[in-house]
Amino acid sequence: MAANPVAKRLVVLVSGSGTNLQALLDEIERTGAEEYGARIVAVGADRDGIEGLARAERAGLPTFVCRVKDHTSREEWDAALAAAVAAHEPDLVISAGFMKIVGKEFLARFGGRFVNTHPALLPSFPGAHGVRDALAYGAKVTGCTVHFVDDGVDTGPIIAQGVVEIRDEDDESALHERIKEVERSLLVEVVGRLARHGYRIEGRKVVIQ
Ligand code: GAR
C-alpha cells in the first residue's frame, strides 16, 4: 500500500466486547482521521448482540452481521463476508477479536491488507485460546502480535509484537486483561503507521515505509 495523504478506509471485524475497536475509535476521534491516517467506515461481525457492534452503533458507524449459520456452506459464508466487507471499499480490514478463520474468497480479495491481532507471541500459541495455552504451558512471558492474515491459523507475516510478563498468580482472565492493555496501544500505533506511511510485505518481513 503506497503512502497517501488521504485518510485510509478501515473495515473492522469483531466478535466480542470490541475494546480494540474502541481504542481505534478513540484515537481517531482524538487526533482526527486525517492526522491519524485512517477512518473506520464500517464494523462487521459474525454474530448479533455483542458489545463490539453496540460500540460501532454509538459511534454512528454502519454495521453488518454475517453469520455462518445463515449460509449453506462455509464457502458461501466466506464469499458473503467478503462481499459485505467489499461494499465499504476498505483499504485495510482489521480483525479485532474476530473469532472466525476466513477462507479463499476473502483472502483473494483482501490478502495483504487484512490485519489481525492475536493475544500471544506468535508463532507460539496460535488459535482461539492463545492466553489459556501460554498459561497452561508455563511460559514466563507472553504478549500480543499484530500480523497480516494468510491462509494458515495465525501464521501470516508479523508486523509488531508486545511483551507481557506472566505472574504466578495469573488466571486466564487477569492475564488477558493485561495483554489487552498492551494490545490496544499496539494495534492503534500499527494501524496508524501502516495507513500513514504505506508498507510492503517481503516474504515474511513487513516493511513500513
Ligand atoms: C483480543 O485480545 C484479541 O487478540 C483476541 O480477542 C480479544 C478481543 O478483545 N483475539 C483472538 O483471540 C483471535 N484468535 P476485544 O473484543 O475487547 O477487542
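Residues numbered from 1 in each chain as written. Predicted model: local features only at pLDDT ≥ 70, side-chain atom pairs only at ≥ 80, totals over all residues. Heavy atoms only, no water.

Novice: For this particular structure, what's the right way to read the site of the ligand?
Specialist: In the vicinity of the ligand, 14 residues are found, and the nearest of them are Ser17, Gly18, Thr19, His176 and Glu183. Residue histidine 176 places a side-chain N or O atom 2.7 Å away from an oxygen atom belonging to the ligand. Note that an oxygen atom of the ligand is positioned 2.3 Å from one of the side-chain N or O atoms of glutamate 183. Elements with a contribution of two residues or more to the shell around the ligand: α1 (19-31), β5 (114-118) and α7 (172-197). Sort the elements by how many residues they give to the shell around the ligand and α7 lands first, with 3 residues. Grouping the amino acids of the shell around the ligand by side-chain chemistry returns 2 nonpolar, 10 polar and 2 charged. (Near = heavy atom within 4 Å. Polar contact = N/O pair within 3.5 Å; in protein donor to acceptor, adjacent residues only side chain to side chain. Helix = DSSP H or I, 4+ residues; strand = E, 2+ residues; numbered from the N terminus. Nonpolar A, V, L, I, M, F, W, Y, C, P; charged D, E, K, R; others polar.)

Novice: It is not clear to me how the side chain of glutamate 183 should be interpreted in this structure. Could you clarify?
Specialist: One can find glutamate 183 in helix α7. For the buried residue glutamate 183, which engages in no salt bridge, the nearest side chain bearing the opposite charge is lysine 180, 6.3 Å off. Here glutamate 183 is in contact with Asn20, Thr117, His118, Pro119 and Cys144, once residues within four sequence places are set aside. (Buried < 20%, exposed > 50% of the residue type's maximum accessible area, 1.4 Å probe, protein only. Lys, Arg positive; Asp, Glu negative; His and termini not counted. Salt bridge = Lys/Arg side-chain N within 4 Å of Asp/Glu carboxyl O. Contact = heavy atoms within 4.5 Å.)

Novice: It is not clear to me how the packing of helix α6 (residues 130-137) against α7 should be interpreted in this structure. Could you clarify?
Specialist: In a packed pair of helices, the relevant descriptors are the angle between the two axes and the axis-to-axis distance. One way to put it is that α6 packs onto α7 with a least axis distance of 9 Å and a crossing angle of 120 degrees. The interaxial crossing formed by α6 with α7 has right-handed handedness. Judged by residue contacts, Val131, Arg132 and Leu135 of α6 engage Glu172, Leu175, His176 and Ile179 from α7. Taken together, the residues of the contact of α6 with α7 break down into 4 nonpolar, 1 polar and 2 charged. (Axes fitted to C-alpha atoms, helices over the stretch in contact; angles between N-to-C directions. Left-handed = near helix turned anticlockwise from the far one by under 90°.)

Novice: What's the story with the environment of aspartate 154 in this structure? I'm lost.
Specialist: Along the polypeptide, aspartate 154 turns up in the loop between β6 (141-148) and β7 (158-165). The spatial distance from the C-alpha of aspartate 154 to the C-alpha of aspartate 70 is 26 Å, given a sequence separation of 84 residues. Within the structure, the side chain of aspartate 154 is placed 2.7 Å from the backbone nitrogen of glycine 127, a separation counted as a polar contact.

Novice: Hey, could you run me through the environment of glycine 156 in this one?
Specialist: One can find glycine 156 in the loop between β6 and β7. Spatially, the C-alpha atoms of glycine 156 and valine 115 are 9.2 Å apart, while their sequence positions differ by 41 residues. Contact partners of glycine 156, with chain neighbours within four places excluded, come to His147, Phe148, Asp150 and Arg204.

Novice: Hey, could you run me through the pattern of salt bridges in this one?
Specialist: Working definition: two side chains of opposite charge can pair if their charged atoms are close together. As enumerated under the stated definition, the model contains 11 salt bridges in all. Close ionic contact of lysine 100 with aspartate 46 constitutes a salt bridge, the shortest N to O distance being 2.7 Å. Taken together, the residues span a long stretch of sequence, with lysine 100 in the loop between β4 (92-95) and α5 (104-110) and aspartate 46 in the loop between β2 (38-45) and α3 (51-58) at a distance of 54 residues. Of the residues examined, lysine 100 reaches a relative accessible area of 22% and is grouped as partly exposed. For aspartate 46, a relative accessible area of 5% gives the class buried. Close ionic contact of arginine 67 with aspartate 70 constitutes a salt bridge, the shortest N to O distance being 2.9 Å. Look at the salt bridges and you will find they share partners, linking Asp46, Arg47 and Lys100 into a network.

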